[in-house]
Amino acid sequence: MGNEKDNATTAFHLQMLVKTLDMDQYPLIRMVIENNITEQEYNELFALLEKLHQQYMSQKEEGLMDFTSLLVHFAGMLNEKLNPDATIIALKKEGYYPSLMEMFMQILNKYGRLC
(Lines give C-alpha, C1' and ligand atoms only; values in the text may rest on other atoms or scores of the structure.)
Protein backbone atom coordinates (compact mmCIF):
# COMPACT_ATOMS: atom_id res chain seq x y z
CA MET A 1 0.00 0.00 0.00
CA GLY A 2 2.87 2.36 0.62
CA ASN A 3 3.76 2.15 -3.04
CA GLU A 4 0.34 3.51 -4.05
CA LYS A 5 0.77 6.44 -1.65
CA ASP A 6 4.28 7.09 -3.02
CA ASN A 7 2.92 7.09 -6.58
CA ALA A 8 0.20 9.56 -5.63
CA THR A 9 2.75 11.83 -3.97
CA THR A 10 5.04 11.65 -6.99
CA ALA A 11 2.13 12.44 -9.30
CA PHE A 12 1.21 15.43 -7.12
CA HIS A 13 4.79 16.68 -7.14
CA LEU A 14 4.94 16.38 -10.92
CA GLN A 15 1.70 18.35 -11.22
CA MET A 16 3.25 21.07 -9.11
CA LEU A 17 6.40 21.10 -11.26
CA VAL A 18 4.33 21.33 -14.45
CA LYS A 19 2.73 24.50 -13.12
CA THR A 20 6.18 26.07 -12.89
CA LEU A 21 7.00 25.35 -16.55
CA ASP A 22 6.79 28.37 -18.80
CA MET A 23 4.24 27.26 -21.41
CA ASP A 24 5.76 29.69 -23.93
CA GLN A 25 9.27 28.33 -23.47
CA TYR A 26 8.56 24.59 -23.10
CA PRO A 27 5.12 23.84 -24.53
CA LEU A 28 6.04 20.38 -25.80
CA ILE A 29 7.44 19.23 -22.46
CA ARG A 30 4.33 20.51 -20.75
CA MET A 31 2.07 18.68 -23.25
CA VAL A 32 4.02 15.45 -22.73
CA ILE A 33 3.56 15.66 -18.96
CA GLU A 34 -0.05 16.86 -18.98
CA ASN A 35 -1.10 14.17 -21.48
CA ASN A 36 0.74 11.41 -19.64
CA ILE A 37 2.93 10.53 -22.65
CA THR A 38 5.23 7.61 -21.90
CA GLU A 39 8.89 7.53 -22.84
CA GLN A 40 8.08 5.03 -25.60
CA GLU A 41 5.32 7.29 -26.97
CA TYR A 42 7.70 10.26 -26.85
CA ASN A 43 10.33 8.29 -28.77
CA GLU A 44 7.70 7.20 -31.30
CA LEU A 45 6.77 10.85 -31.86
CA PHE A 46 10.35 11.74 -32.70
CA ALA A 47 10.78 8.66 -34.90
CA LEU A 48 7.68 9.77 -36.82
CA LEU A 49 9.05 13.31 -37.10
CA GLU A 50 12.42 12.09 -38.34
CA LYS A 51 10.75 9.93 -41.00
CA LEU A 52 8.50 12.79 -42.13
CA HIS A 53 11.40 15.24 -42.16
CA GLN A 54 13.39 12.89 -44.43
CA GLN A 55 10.37 12.51 -46.73
CA TYR A 56 9.87 16.28 -46.77
CA MET A 57 13.50 16.93 -47.71
CA SER A 58 13.40 14.25 -50.40
CA GLN A 59 10.11 15.50 -51.89
CA LYS A 60 11.34 19.08 -51.77
CA GLU A 61 14.50 18.07 -53.66
CA GLU A 62 12.31 16.38 -56.28
CA GLY A 63 10.50 19.68 -56.78
CA LEU A 64 7.20 18.81 -55.14
CA MET A 65 5.24 21.81 -53.93
CA ASP A 66 2.31 20.27 -52.04
CA PHE A 67 3.20 18.57 -48.78
CA THR A 68 -0.35 18.17 -47.46
CA SER A 69 0.01 14.39 -47.52
CA LEU A 70 2.85 14.63 -44.99
CA LEU A 71 0.67 16.68 -42.66
CA VAL A 72 -2.19 14.20 -43.04
CA HIS A 73 0.22 11.35 -42.27
CA PHE A 74 1.50 13.20 -39.19
CA ALA A 75 -2.02 13.83 -37.89
CA GLY A 76 -3.05 10.23 -38.57
CA MET A 77 -0.01 8.68 -36.91
CA LEU A 78 0.23 11.08 -33.96
CA ASN A 79 -0.54 9.61 -30.57
CA GLU A 80 -4.25 10.06 -29.85
CA LYS A 81 -3.38 11.78 -26.56
CA LEU A 82 -1.95 14.75 -28.50
CA ASN A 83 -3.74 17.38 -30.58
CA PRO A 84 -2.00 17.69 -33.98
CA ASP A 85 -2.28 21.49 -34.25
CA ALA A 86 -1.11 22.12 -30.68
CA THR A 87 1.73 19.63 -31.13
CA ILE A 88 2.93 21.36 -34.28
CA ILE A 89 2.89 24.74 -32.54
CA ALA A 90 4.75 23.30 -29.53
CA LEU A 91 7.37 21.60 -31.71
CA LYS A 92 7.92 24.82 -33.67
CA LYS A 93 8.26 26.91 -30.50
CA GLU A 94 10.85 24.51 -29.08
CA GLY A 95 12.77 24.51 -32.37
CA TYR A 96 12.25 20.89 -33.46
CA TYR A 97 12.34 20.27 -37.23
CA PRO A 98 11.88 23.97 -38.04
CA SER A 99 11.45 23.64 -41.81
CA LEU A 100 8.94 20.79 -41.46
CA MET A 101 6.95 22.58 -38.74
CA GLU A 102 6.93 25.82 -40.72
CA MET A 103 5.57 23.96 -43.74
CA PHE A 104 2.90 22.26 -41.58
CA MET A 105 1.89 25.64 -40.15
CA GLN A 106 1.66 27.17 -43.63
CA ILE A 107 -0.70 24.40 -44.71
CA LEU A 108 -2.81 24.76 -41.58
CA ASN A 109 -2.94 28.56 -42.03
CA LYS A 110 -3.98 28.07 -45.66
CA TYR A 111 -7.01 26.11 -44.48
CA GLY A 112 -7.76 28.50 -41.61
CA ARG A 113 -6.84 26.02 -38.91
CA LEU A 114 -4.32 28.30 -37.13
CA CYS A 115 -4.17 32.00 -36.41
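Above this note sits the structure.
Residues numbered from 1 in each chain as written. Predicted model: local features only at pLDDT ≥ 70, side-chain atom pairs only at ≥ 80, totals over all residues. Heavy atoms only, no water.

(A) Region of interest: the nonpolar core. Ranked by internal contacts, the top residues of the largest apolar core, which has 27 residues, are L49, F74, L100 and F104. Looking at this core, the elements that each hand over two or more residues are α2 (27-34), α3 (39-61), α4 (68-77), α5 (84-94) and α6 (98-110). Looking at this core element by element, the count peaks at 7 residues for α6. (Core = buried A, V, L, I, M, F, W, Y, C linked by side-chain atoms within 4.5 Å. Buried < 20%, exposed > 50% of the residue type's maximum accessible area, 1.4 Å probe, protein only. Helix = DSSP H or I, 4+ residues; strand = E, 2+ residues; numbered from the N terminus.)

(B) Molecular detail of the packing of α4 against α5. Contact pair α4 / α5: the axes reach a minimum separation of 10 Å and the direction vectors enclose 110°. Here α5 runs roughly perpendicular to α4, going by the angle between their axes. Packed against α4, whose contacting residues are L71, F74 and A75, the element α5 presents P84, T87, I88 and L91 at the interface. For the contact of α4 with α5, a count of residues per class yields 6 nonpolar, 1 polar and no charged. (Axes fitted to C-alpha atoms, helices over the stretch in contact; angles between N-to-C directions. Parallel < 35°, antiparallel > 145°, perpendicular 65-115°, else oblique. Contact = heavy atoms within 4.5 Å. Nonpolar A, V, L, I, M, F, W, Y, C, P; charged D, E, K, R; others polar.)

(C) Broad picture of the side chain of H53. Structurally, the position occupied by H53 is in helix α3. Discounting chain neighbours no more than four positions away, the residues touching H53 are Y97, S99 and L100.

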